[in-house]
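For reference, the chains in residue letters:
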Amino acid sequence: MKYLIWSFIFVNTFAHAEPYIPNDNDVIATSSTPLAATLTLQELATLFEQTQYAGQTESKQGLLKRYLEQQVNTSDNPEILYYYARVLQREHQFDEALAFLARVKELSPHHVNAALLTANILMVQGKFDDAKSECLNLIGHASIETVTTCSLDAQSQTGKLEESFQALKKNRSQRDDESKYPPCTCRDGF
């Protein structure tokens, strides 16, 4: 009985403890996973892909961000900057991500993924016309399906959902019709 009373007092003391809310810069947990000093773009892409799987985001997102933070200050590689913008976008640091995407487009003006990510962020921010313009800037640099889907997605957010949906259906049916009758590869079109 004596142990039961002490157990009750011990548990009751900690059960009513004040909650702890960490500050923004507090380290909650550290990673013990080592990361190579340099990664190839393929290794970086693989690591980034792994962070998308359930249970992996928490363990690899910090590694990825820490590595990219070191690289963006010394690199003019558009892919490094693009990946860092994706990390920032995941963390809802949209303005910072857009700044890095602007650097990507300065270095590689027709970087399709940077333009698509920019359009996505602009839509999240409610800047649908700007997002649609970003999509339309891809004409000639991305497939017509990509440009159409991107621009109609932005347009659908402006109260034109049905119109956008019908346009997407039309685009899809045209593409299906074209695949039924592939272009002639014969000499002189015969």
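Data block above holds the structure.
The written sequence of each chain sets the order in which its residues are numbered from 1. Two thresholds apply to this predicted model, a pLDDT of at least 70 for residue-level local features and 80 or more for giving and counting side-chain atom pairs, whereas whole-chain, interface and lining totals are computed over all residues. Just so you know, side-chain values use all the structure's heavy atoms and leave hydrogens and water out.

Student: Mind showing me how you'd approach the nonpolar core here?
Tutor: Soluble globular proteins tend to pack their nonpolar side chains together in the buried interior. Core analysis: the biggest nonpolar cluster contains 32 residues, and Leu44, Leu64, Leu68, Tyr82, Phe100, Leu101 and Ile121 have the highest contact counts within it. Each helix corresponds to a stretch of at least 4 residues labelled H or I by DSSP, and each strand to a stretch of at least 2 residues labelled E; elements are numbered beginning at the N terminus. For this core, the element with the highest residue contribution is helix 4 (residues 78-90), accounting for 8 residues. Ignoring anything within four residues of it in the chain, the contact list for leucine 68 reads Leu44, Ile80, Tyr83, Tyr84 and Val87. Throughout, nonpolar core names a set of buried Ala, Val, Leu, Ile, Met, Phe, Trp, Tyr and Cys residues whose side chains join them through atoms within 4.5 Å. Note on classification: 1.4 Å probe, protein chains only; a residue is buried when its accessible area is under 20% of the maximum for its type, exposed when over 50%, partly exposed between these limits. Every residue pair with non-hydrogen atoms within 4.5 Å of one another is taken to be in contact.

Student: Can you help me understand the state of the cysteines in this one?
Tutor: By definition, a disulfide links the sulfur atoms of two cysteines through a covalent bond. Two cysteine sulfur atoms make up a disulfide if the distance between them is within 2.5 Å. A full pass over the atoms with the stated rule returns 1 disulfide. The residue that forms a disulfide with cysteine 135 is cysteine 150, at a sulfur-sulfur distance of 1.8 Å. Residues cysteine 135 and cysteine 150 share a disulfide whose torsion about the S-S bond is about -55 degrees; that sign makes it left-handed. Placement of cysteine 135 in helix 7 (residues 128-136) and of cysteine 150 in helix 8 (residues 144-156) is noted, with a sequence separation of 15 residues between them. Of the residues examined, cysteine 135 reaches a relative accessible area of 0% and is grouped as buried. With a relative accessible area of 10%, cysteine 150 lands in the buried category.

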